[in-house]
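# Notes for the structure review
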Amino acid sequence: QVQPVESGGGLVQAGGSLRLSCTASGRTFSRYAMGWFRQAPGKEREFVAAINRSGGGTYYADSVKGRFTISRDNAKNTVYLQLSSLKPEDTAVYYCAARESPFWDYDRRNYDYWGQGTQVTVSS
């Protein structure tokens, strides 16, 4: 079992960058594929990016491809999401999730553990 905890959110101007971190407690972090999701006010939670447990495979939503980068450091029990070229429509609460599987998934129903989220606000 792992408990993800996100950090790194904040207020940034359009075109700016942020790096989100998600640190998960427990000794078995490397057994979990990890994903990032986001939820804007009045909208459903949507997939952003995911990475398999080895870090060798990643997948992105079309809306963030080329602007966001997911990575992980299993020695630090941490997964990162680098956000670049931010747009106002990227404003949302960003959630980190863990899936007890070697492989990433884009369906939030297939994740087992969730963090509390971190707010990202992009001003125009």
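Attention in this report is confined to the structure presented alongside it. Treat the numbers as computed from the prediction; the structure is a model and nothing was measured.

Moving on, we come to the sheet that holds strand E7 (residues 68-73). On the basis of which strands lie adjacent, the open sheet formed by 4 strands has the order E1-E3-E8-E7 and antiparallel pairing. The sheet is open, and its two edges are formed by strand E1 (4-7) and E7, each paired on a single side. Strand after strand, the sheet turns through a mean of 20° between neighbouring axes, direction not considered. Relative to strand E8 (residues 78-83), strand E3 (residues 18-24) runs antiparallel, the two sharing 6 bridges. From the neighbouring strand, Cys-22 faces E8, where its bridge partner is Val-79.

Quick look at unusual backbone geometry now. Among all residues except glycine, the phi angle is most often negative; among peptide bonds, the trans geometry is most common. One non-glycine residue, Asn-77, adopts positive backbone phi at about 55°. With a phi close to 50°, Ser-85 is a non-glycine residue in the positive phi region. With respect to the helices and strands, Ser-85 occurs in the loop between E8 and strand E9 (92-99). You can call Ser-85 partly exposed: its relative accessible area is 42%.

Definitions and limits used
- Residues numbered from 1 in each chain as written.
- Predicted model: local features only at pLDDT ≥ 70, side-chain atom pairs only at ≥ 80, totals over all residues.
- Heavy atoms only, no water.
- Pairing = 2+ DSSP bridges.
- Helix = DSSP H or I, 4+ residues; strand = E, 2+ residues; numbered from the N terminus.
- Axes fitted to C-alpha atoms, helices over the stretch in contact; angles between N-to-C directions.
- Buried < 20%, exposed > 50% of the residue type's maximum accessible area, 1.4 Å probe, protein only.

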